[in-house]
Structures are given as C-alpha cells and as structure tokens.
Amino acid sequence: MADGQMRWVTRTYFSRTARDAAWWAAHVRFVRGMDAPGQPPAPAAVSTSTEAAEEPRPQPEPGVRAPRSEAYDVLAGLGRREPRLQLSEGDCVQLEHLVGEWLARGAGREQITQALTSGLPESVHSAGPLLRKRLETKMPPSPAPLPEKDHPGEQIVGAVIMCLFCDEDETTTTLDHGVCLDCKEAIARDEAAGLTGDVPDTFLARPRAEVDVAARMAELRSATARPVLPAPRPRR
C-alpha cells in the first residue's frame, strides 16, 4: 500500500474444465499483478516451437518492391487528389519521415492530406519543397501525456495457494488439487460414510453415486406414512 502497510487479499478460482495441479500452479503464479495498478501483464504462454530464436525476416527478392509505409502511401496519393502535387519516388522517400511524424502524433491520413492540399497557389513549380515547408510548419503538437490514475501504489509481492477447506497453504503442507492431505483424507472418510453433500464433485475421490429419485421419494413416503394399528379385540 501507499503507506507501506501490507494486506492479504483472498481470491477463489473455479474452472468448468478439469485442470491438473501444474496448471493451477502456473495460473496462480502468472495471475499475480494482472489486476493491480502498475503491474506488468502476465507472460504469454510460449510453445516449445517458438522458444527458439526468431528467424530473420526474409529480404525481398531482387526486382520485387519492398512493402511501402503508410506515410509513403499518403504522399504517393497526393497527385490523385491534387494534380499540382505530383511527387516523384525520390520526393516521397525524402518526405516520408515527416509524414510518419504526423502519424505518430495522432494525425490521420485525411487530416494530413487536407493540410497539404488546401490553400495552394495557382501554380506550383516544385511540389517537393512546398510540401516539406508545410509539413514542418504545420506539424501538430506532440500528444500530452495521459494523466495518471488516482490510485494507491499497490504491488503484489507474493501469491500462495491455500487449502479450500482450512487455512493451510502450500508453504506449510502439500496441496493436491487445492486440498491439503488432511482435508483430503477427511473427505474420503465422509465420502465412505455418505456425508459428501457439501463437497464439490471436483474434490471427490471418485464420482458421486447416482441417486434413484423415484425410489428415494418412495422410501421417504413410506417412512412418513402413518402406521396401521391392529383392530382392538372385542371385550367378552
């Protein structure tokens, strides 16, 4: 916390899909800090095939034009919008970095095109120097930094898995699918005695036995039915 104090936050996770202990351990380890301000995002799962060093990007074959940038496309399209602004390939390459700076500052393609084509003189003798002047003098300001959110400086310094049924954690006992060994033995004893109504199916040692609802209802009706008393004997 901002005042240097520490506090415990308890989170309970459930999964509709059966997961093994290694999956839950990785989930708890990676989830720390994801929902706390100022923490880095969880590392993405990396497959064994992508752990090797990335291969260098293939170079374009001779005679094949390399992909053009968005800034280059904006400049190359000016001539279709305004015939007086026909640019050569060399002009587009020389002005590309300026248009790229406009784009980096949040200007859109249409905004850039409008700034370069509006208010032109009747005759344009050299479009390249004219556009360079406009790109430099009309450059939009750098975006202002976003205000920081008003929140305390919280940091998650540790995460441990605790037993679902008691206060023991993974640092003091061994957990098996979120349950310590003592609680797991108690669950097995209760299961053998048929006392597992409050235990989720995912924590049972074996699937819960199916109940014949019709037979069970008949048993309950028979247990609650009024007993039939024998008829009294007549007096002599």
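Computed from a prediction, not measured in an experiment: that's the story for all the values here.

A. How the structure looks around the side chain of arginine 134. By secondary structure assignment, the location of arginine 134 is in helix H6 (residues 127-137). Within the structure, the side chain of arginine 134 is placed 3.4 Å from the backbone oxygen of alanine 115, a separation counted as a polar contact. Once you skip the residues sitting within four places of it in the chain, arginine 134 turns out to touch Trp102, Ala115, Leu116, Thr117, Ser118, Gly119, Leu120 and Met139.

B. Highlighting helix H7 (residues 181-192). A rise of 1.5 Å per residue sets the reference length of H7, with its 12 residues, at 16 Å; its end C-alpha atoms lie 17 Å apart and thus fit the reference within 8%. When we look at burial in H7, the residues that qualify are Cys183, Ile187 and Glu191. Across the axial projection of H7, the buried residues extend over an arc of 80°, all falling on one side. Away from its buried face, by an angle of more than 90 degrees, H7 presents the exposed residues Asp182, Arg189 and Ala192.

C. Quick peek at the side chain of glutamate 82. If you trace the backbone, glutamate 82 turns up in the loop between helix H3 (78-81) and helix H4 (89-104). Its relative accessible area of 15% is what places glutamate 82 among the buried residues. Of note is the side chain of glutamate 82, whose polar atom sits 2.9 Å from the side chain of arginine 84. Setting aside residues no more than four positions away along its own chain, glutamate 82 makes contact with Thr117 and Leu120.

D. Geometry of the packing of helix H5 (residues 109-117) against H6. Their axes nearest at 10 Å, the elements H5 and H6 cross at an angle of 120°. One way to sum up the angle between H5 and H6 is to call them oblique. Between H5 and H6 the crossing geometry is right-handed. On H6, the residues that touch Ala115, Leu116 and Thr117 of H5 are Leu131, Arg134 and Leu135. Looking at the contact of H5 with H6, its residues break down into 4 nonpolar, 1 polar and 1 charged.

Procedures and definitions
Residues numbered from 1 in each chain as written. Predicted model: local features only at pLDDT ≥ 70, side-chain atom pairs only at ≥ 80, totals over all residues. Heavy atoms only, no water. Helix = DSSP H or I, 4+ residues; strand = E, 2+ residues; numbered from the N terminus. Polar contact = N/O pair within 3.5 Å; in protein donor to acceptor, adjacent residues only side chain to side chain. Contact = heavy atoms within 4.5 Å. Expected span 1.5 Å × (residues − 1). Buried < 20%, exposed > 50% of the residue type's maximum accessible area, 1.4 Å probe, protein only. Arc of directions from axis to C-beta. Axes fitted to C-alpha atoms, helices over the stretch in contact; angles between N-to-C directions. Parallel < 35°, antiparallel > 145°, perpendicular 65-115°, else oblique. Left-handed = near helix turned anticlockwise from the far one by under 90°. Nonpolar A, V, L, I, M, F, W, Y, C, P; charged D, E, K, R; others polar.

From the geometry alone we can't say anything about function, so treat these as descriptive.
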